[in-house]
Amino acid sequence: MKKTISSLLSAVLAVFACSSCAKSDEPTISKANTYVLVHGAWQAPYVWDAVRADLESKGNKVIVVELPGHGSDHTPTHTLSLDVYTNKVVEAISKTDGKVILAGHSMGGMVVTNAAEKIPAKISKLVYIGAFVPASGQNLGELSQSDPDSKLGAQLVLSADHLTLDVKREALTALFIGDGSQAAKDQVLAHYRAEPSIPFGDKVTLTDANFGSVEKAYIKTTQDVVISPGLQDKMIATASIKAVYPVNTSHSPFLSQPRTISDLLIKIAQ
């Protein structure tokens, strides 16, 4: 009888031990985070729809910033600047509790860089997605002109008043989302607006104490023909970004592979 009871106890203990092992192998559920997402040039908040939905479905808070002069915003073009864009992002972040993960795409990289200089204490991670990463004293125009492998420049048309830049319509989807579905390409065409040009010439002033103190990550778009992988590598090295995540996409991975981007944003936040 004692032997039987001893055997039963051993079996029960073994079950609990196996159960404990199984639980330890399960992925740890990360705490909810607040993400602030900033779109790039010639785009608008719609580009984040799928990423936003996935992040929110996992319990995160997501704030998508509509830059002035983009989407449904009709701020007069001649009043726009990099600081105007940045102030919109800073205002959005200032209304949140705690720190945020701030992510910017393309031209949005200039904006989030400038925001990180202004409010570094509010940003836990700064994430660039196929984005410009300026050094202090640089502007977007200079960075883009340093990219011999970009195919964007030849497709740009400056307005007569020099206030906006257009992308030739026949080149738009090939440049921005060559690897996307037809539905995604149709979205890009339907939401297209000419881009305000003044912010392209605005330089950033960065310090080690502010911008330099923020932890950074870069999602590299390896099939990008707008910001070439070569320029991305150069900017990553100049900014000493160690956390680099290559994705095999064109310039707009949040449209062609949104789940990949949301998964990476969650991974970077951990």
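To start, this report covers the structure provided alongside it. Predicted model only: the values in this text are computed from it and were never measured. (Residues numbered from 1 in each chain as written. Predicted model: local features only at pLDDT ≥ 70, side-chain atom pairs only at ≥ 80, totals over all residues. Heavy atoms only, no water.)

### Some words on the overall build of the protein chain
Here is the rule we go by: For helices the rule is a DSSP run of H or I covering at least 4 residues; for strands it is a run of E covering at least 2, with both sets numbered from the N terminus onward. Burial here depends on accessible area, computed with a 1.4 Å probe over protein chains only, as a share of the maximum for the residue type. Under 20% is buried, over 50% is exposed, and the range in between is partly exposed.
Tallying secondary structure elements over the protein chain gives 10 helices and 9 strands in all. Counting all 270 residues of the protein chain, 49% fall into the buried class.

### A word on helix α2 (residues 49–57)
The condition is simple: Here the arc refers to the set of directions running from the helix axis out to each C-beta atom. What makes two residues a contact is simply this: any of their non-hydrogen atoms within 4.5 Å.
Taken residue by residue, α2 has Val51, Asp54 and Leu55 as its buried positions. The arc that holds the buried residues of α2, viewed along the axis, is 95 degrees, so those residues lie on one side. Buried residues belonging to α2 abut β1 (34–38), β2 (61–65), α9 (253–256) and α10 (258–269). Immediately beyond the C-terminal end of α2, within one or two residues, lies Gly59, with a positive phi of roughly 90 degrees.

### Some points on the packing of helix α3 (residues 82–94) against helix α4 (residues 108–118)
Operational definition: In this description, a line fitted to the C-alpha atoms serves as the axis of each element, helices being fitted only across the stretch in contact, and the angle between N-to-C directions of two axes falls anywhere from 0 to 180 degrees. Rotating anticlockwise by less than a right angle from the far helix to the near helix defines a left-handed crossing, while the corresponding clockwise rotation defines a right-handed one. Each residue is assigned to one of three groups, with Ala, Val, Leu, Ile, Met, Phe, Trp, Tyr, Cys and Pro labelled nonpolar, Asp, Glu, Lys and Arg labelled charged, and all others, Gly among them, labelled polar.
In the contact formed by α3 and α4, the axes pass within 9 Å of each other and the chain directions differ by 65 degrees. Crossing of α3 against α4: the hand is right-handed. In this structure, α3 contributes Leu82, Asp83, Tyr85, Thr86, Asn87, Val89 and Val90 to the contact, and α4 contributes Met110, Val111, Asn114, Ala115 and Lys118. Here the contact of α3 with α4 is composed, by residue class, of 7 nonpolar, 3 polar and 2 charged.

### What to know about the pairing of strand β4 (residues 123–129)
Every regular strand shows the same layout, with side chains that alternate between the two sheet faces. The cut-off we apply is this: Whether two strands pair comes down to DSSP finding at least two bridges between them. Looking down the strands as they point away from you, a crossover is right-handed if its path from the first strand over the helix to the second goes clockwise.
Of all the 7 residues making up β4, 6 are buried; the element is thus mostly covered by neighbouring parts of the structure. Two strands pair when backbone bridges link them, and strand β3 (residues 100–105) and β4 are joined in this way by 6 bridges, in the parallel orientation. In the strand pairing of β4, Ala103 is matched with Val127. Note that the unit made of β3, α4 and β4 has a crossover that is right-handed. Sheet topology note: the β4/strand β8 (residues 216–221) ladder contains 4 bridges and is parallel. Across the sheet, the residue bridging to Leu126 is Lys216, located in β8.

### Some points on the pattern of salt bridges
Rules: The salt bridge definition used is simple: a Lys or Arg side-chain nitrogen within 4 Å of an Asp or Glu carboxyl oxygen.
If you walk through the whole model with that rule in mind, you get 8 salt bridges. For Lys95, the salt bridge identified is with Glu91, shortest N-O distance 3.6 Å. Exposure remark for Glu91: the relative accessible area of 42% places this residue in the partly exposed category. One network of salt bridges, with partners in common, ties together Asp54, Lys58, Arg259 and Asp263.

### A look at the packing of aromatic side chains
For clarity, the cut-off: Pairing of aromatic rings covers Phe, Tyr and Trp, the last through its six-membered ring, and needs centres within 6.5 Å; plane angles under 30 degrees mean stacked, over 60 mean edge-to-face, and all others mean tilted. Ring-over charges, as used throughout, are those where CZ of Arg or NZ of Lys falls within 6 Å of the ring centre and within 35 degrees of the ring normal.
All chains considered together, the criterion is met by 4 aromatic pairs. Seen from the ring of Phe211, Lys216 lies directly overhead, with NZ or CZ sitting 4.3 Å from the centre.

### Side note on the layout of surface pockets
Inclusion rule: Space inside and on the surface of the protein is sampled on a 1 Å grid over the protein atoms alone, with a cavity defined as a set of points where a 1.4 Å probe fits but cannot get out and a pocket as an open set with protein on both sides within 12 Å along at least 5 of 7 lines; lining residues have an atom within 4 Å of a point. Grid points are joined across faces, edges and corners, and a volume is the space filled by probe spheres set on the points.
As a volume, the largest pocket reaches approximately 310 Å³. Taken together, 21 residues form the lining of the largest pocket, with Leu140, Ser144, Leu152, Gly153 and Leu156 sitting closest to its centre. Of the residues belonging to the lining of the largest pocket, the class tally is 13 nonpolar, 7 polar and 1 charged.

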